[in-house]
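Analysis of the macromolecular model
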Amino acid sequence: MDYFHSVRLDKEKCKGCVNCIKKCPVEAIRVRHGKAEIMEDRCIDCGECIRACPNHAKYAERDSLQELTVFEYRIALVAPSLYGQFRENTSPARILAAVKALGFDEVCEVALGAEIVSQAVREYFQKNHHLRPIISSACPAVVRLIQVRFPALVDHIIPLESPMQVTASLMRRKAMQETGLAPEKVGIFFLSPCPAKVTAVKSPVGGVPSEVDRVLAVADVYGRLLENLRQEQPSLTRADRLGIGWGASGGEVAAAGIENALIVDGIHNVISVLEEIELGRLVDIDFIEAQACPGGCVGGILNVNNRFVAGVRLRHLVRDLPAREPLSERLAAFGVPMPKVPEIKVEPRPIVRLDRNLRRAMEKLQQVQALIEHLPGLDCGSCGAPTCRALAEDIAVGKALETDCIFKLREKIMALAQETYNLAQLVPPAMDQNRTPKGGERDAT
Amino acid sequence: MAEVPAMSHDPSYDLKIPVIGHDFLRAGEAASRIKKVLQALNLPPQVIRRASISAYEAEMNIIIHAYRGQLALKVTPDALTLVAEDEGPGIQDIDLAMQEGYSTAPDEIREMGFGAGMGLPNIKKSADKLTITSTVGQGTRLEIVIRIS
Ligand SMILES: Nc1ncnc2c1ncn2[C@@H]1O[C@H](COP(=O)(O)OP(=O)(O)OP(=O)(O)O)[C@@H](O)[C@H]1O
Ligand code: SF4
Ligand code: SF4
Ligand SMILES: [Mg+2]
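Only a predicted model underlies this, so the values are computations on that prediction, with no experimental measurement involved. (Residues numbered from 1 in each chain as written. Chains lettered and ligands numbered in written order. Predicted model: local features only at pLDDT ≥ 70, side-chain atom pairs only at ≥ 80, totals over all residues. Heavy atoms only, no water.)

**So, the pattern of salt bridges**
All names here are of chain A. This structure, assessed with the given rule, holds 33 salt bridges over all chains. One salt bridge connects R172 with E211, and the closest N-O pair in it is separated by 2.6 Å. Taken together, the positions of R172 in helix α5 (residues 163–179) and E211 in the loop between α6 (195–202) and β9 (214–217) put the pair 39 residues apart, joining distant regions of the chain. A relative accessible area of 8% means that R172 is categorised as buried. For E211, a relative accessible area of 28% gives the class partly exposed. Connected through salt bridges with shared partners, the residues R30, R32 and D394 form a single ionic network. (Salt bridge = Lys/Arg side-chain N within 4 Å of Asp/Glu carboxyl O. Helix = DSSP H or I, 4+ residues; strand = E, 2+ residues; numbered from the N terminus. Buried < 20%, exposed > 50% of the residue type's maximum accessible area, 1.4 Å probe, protein only.)

Here you go:
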């Protein structure tokens, strides 16, 4: 399957320092020939390796503002976490005006879609009681993590589209109605906090093409946004504070009004919770709000502000914004009907670590176990694999050698050195005074 | 059977993990290791899930109710078998123990979130075959079979 990945390596910058390999939650990185390589069938585009690389060799592929010219009518979609990227008391009305001034005809908050999804989540809970806990589908990195590392849990993911997709399709329909343009003339640009959303657009999880056309990084346009921060345009704000709250961890649960929920952020913390669910625990919890980035989307690596600062800004905003009319009234005033949130189907995509064939996998696993016994167990990473076990698996599938382990190599060299030494001790028979002829052979000649 | 005289030549994968009673710090470790092995073998996700749940509940029962024991896993191309064996007080009335909600776990165990009396029923639901044998005062043995494919 051809699968788009937003997280990539800049070979020039990579020093092969192996800092990134241990941070990857799916062990997708190996350093080979002095450069980090990402295994495409495993990578979930969480961006942890971008965070970890001291040499800025990992980056997130995204689109540029120059793409604006491709479309006749351009719409910007703003993630809720954007509101945490500015100084305290910078109003949404000013931020949205600044976004529009980048060259857009229209701008809309994804927070509006978040409100629509929150309502759908609530309805889903009223109707479905059979499976617990239900896991949020909002973070695309978490959805992909479940697909590859917790494939048995895909049924626990709430089968609802994300706020970004809901907002995008609502805005495209409205733009087409108002301008009479064909769908491909309307360009929808999402201002993204993270690489996972880029992937979610270019390789949608359910296979249905995304309504978003281009993805920009908040960090790329941030400078221009600061310059543009002048006038307020209150008419551009349509979302309520509950939708805006989705930008930080806990916001979804608050907006959907689910009481018995577990909120977890940071990909490694998410893994620890998913592991519990996989062992059959947590059936007494209704909902899991899980976000790959620490602090939620405010902690996304394509954002600019410190995530703690951004988090507190966003929370203050949510606290201080006055409540608005009900969602249905605001949508009516905006001239759009209440959309139905489309369902998504998330398929498992388990990682094949050793072999698809069970018999062969068993043989290789035995080999892995034997190899592990011989490896030093230091998980030092010098071989380019994140753990000794990972190296053993790589060896078993023929992608690495035992001597890739520097300790094994040293043992071999020492053995070789010993042998060389032993050989050096040997003296030609002509010079060897200690050597006594055996069985009178010499006499015979 | 006649055509396949040497059953032992059939490939299989074995793993044995000791479990120590009341060792709550390492609770779940044996089940996690079993899960990792099954994942490495690329078994169907739902088979892994059912085996993980069974292994976890069996492990916890040894930790909570018994003194010491072990979890043994055997995988063959057709099925996986988990055997949980322990030295412990044994189960007096197995039918009763199998009932949902029946538990003899003391209060301090319940405070840790265990003792809902759901472990054995969950194993039963996850397994294709469950055999329990127990001798009071000696110990308990669970054999759990889950078919592959
Ligand atoms: N290995 C064992 N040794 C002795 N008694 C056991 C063992 N396993 C289960 N039992 C008995 O059977 C009862 C029911 O077991 P079960 O696993 O269903 O529930 P539980 O362990 O009490 O609670 P839960 O599994 O929900 O935490 C236990 O309370 C205990 O009395
Ligand atoms: S952290 Fe990874 S990507 Fe960055 S330089 Fe080191 S090996 Fe290369
Ligand atoms: S983006 Fe995430 S999953 Fe992909 S290689 Fe980097 S750390 Fe691993
Ligand atoms: Mg139990």
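Back to the text.
**Thoughts on empty space enclosed by the protein**
Residues and elements named next belong to chain A. Under the defined criterion, the tally for this structure stands at six cavities of 30 Å³ or more. Counted as a void, the largest cavity has a volume near 270 Å³. Lining the largest cavity we find 25 residues, and of these A138, K197, W246, Q291 and C297 sit closest to its centre. Counting residues per element, the ones that place at least two in the lining of the largest cavity are α3 (110–127), α4 (140–149), α5 and α6. Here the lining of the largest cavity is composed, by residue class, of 19 nonpolar, five polar and one charged. (1 Å grid on protein atoms, 1.4 Å probe; cavity = no way out; pocket = protein on both sides within 12 Å on 5 of 7 lines; lining within 4 Å. Points joined across faces, edges and corners; volume = space filled by probe spheres on them. Nonpolar A, V, L, I, M, F, W, Y, C, P; charged D, E, K, R; others polar.)

**A word on the packing of helix α2 (residues 45–65) of chain B against helix α5 (residues 119–126) of chain B**
Residues and elements named next belong to chain B. The N-to-C vectors of α2 and α5 enclose an angle of 155°; their axes lie 9 Å apart at closest approach. When the interaxial angle is binned, α2 and α5 end up roughly antiparallel. For the crossing formed where α2 meets α5, the hand is left-handed. Contacts from R50, I53, S54, E57, A58 and N61 of α2 reach α5 at G119, L120, N122, I123 and S126. (Axes fitted to C-alpha atoms, helices over the stretch in contact; angles between N-to-C directions. Parallel < 35°, antiparallel > 145°, perpendicular 65-115°, else oblique. Left-handed = near helix turned anticlockwise from the far one by under 90°. Contact = heavy atoms within 4.5 Å.)

**Some points on the interface of chain B and chain A**
If you look at the interface, chain B gives 25 residues, while chain A gives 26 residues. Between chain B and chain A, the buried area comes to about 2,200 Å², and carbon and sulfur atoms account for 57% of it. The largest per-residue losses of area from chain B upon contact with chain A belong to Y13, N42 and R49 of chain B, which jointly make up 26% of the total buried on that side. Salt-bridge contacts for K35 of chain B lead to E278 of chain A; the nearest nitrogen and oxygen are separated by 2.6 Å. Where chain B touches chain A, the interface holds eight residue pairs in polar contact (both at pLDDT 80 or more). Listing elements by their share of the side of chain B that touches chain A, those giving two or more residues are α1 (29–40) and α2 of chain B. Element by element, the count of residues in the side of chain B that touches chain A is highest for α1 of chain B, at seven residues. (Buried area = accessible area lost by both parts, 1.4 Å probe. Polar contact = N/O pair within 3.5 Å; in protein donor to acceptor, adjacent residues only side chain to side chain.)

**A word on the pairing of strand β2 (residues 29–32) of chain A**
Residues and elements named next belong to chain A. The side-chain alternation of β2 yields two buried faces, one formed by I29 and V31 and the other by R30 and R32. As judged from the four bridges shared by β2 and strand β3 (residues 35–38), these two strands associate in the antiparallel manner. Paired with I29 across the bridge in β3 is I38. Linkage of β2 to β3, two consecutive antiparallel strands, is achieved through a turn of two residues, within which H33 is found at a positive phi near 55°. (Pairing = 2+ DSSP bridges.)

**Concerning the site of ligand 3**
The environment of ligand 3 is made up of 13 residues, and the closest members are C24, C43, C46, G47 and C49 of chain A. Residues belonging to the shell around ligand 3 are distributed by class as follows: ten nonpolar, one polar and two charged. (Near = heavy atom within 4 Å.)

**Some thoughts on the nonpolar core**
Grouped together as the largest cluster of nonpolar side chains are 76 residues, with contacts concentrated most on L77, L82, V99, V121 and L225 of chain A. Beyond its immediate stretch of four places on either side in the chain, V121 of chain A contacts I158, L160, E252, A256, I258 and F287 of chain A. Formed by 62 residues, the second largest nonpolar core is a distinct cluster that contains I17, V47, A97 and I132 of chain B. (Core = buried A, V, L, I, M, F, W, Y, C linked by side-chain atoms within 4.5 Å.)

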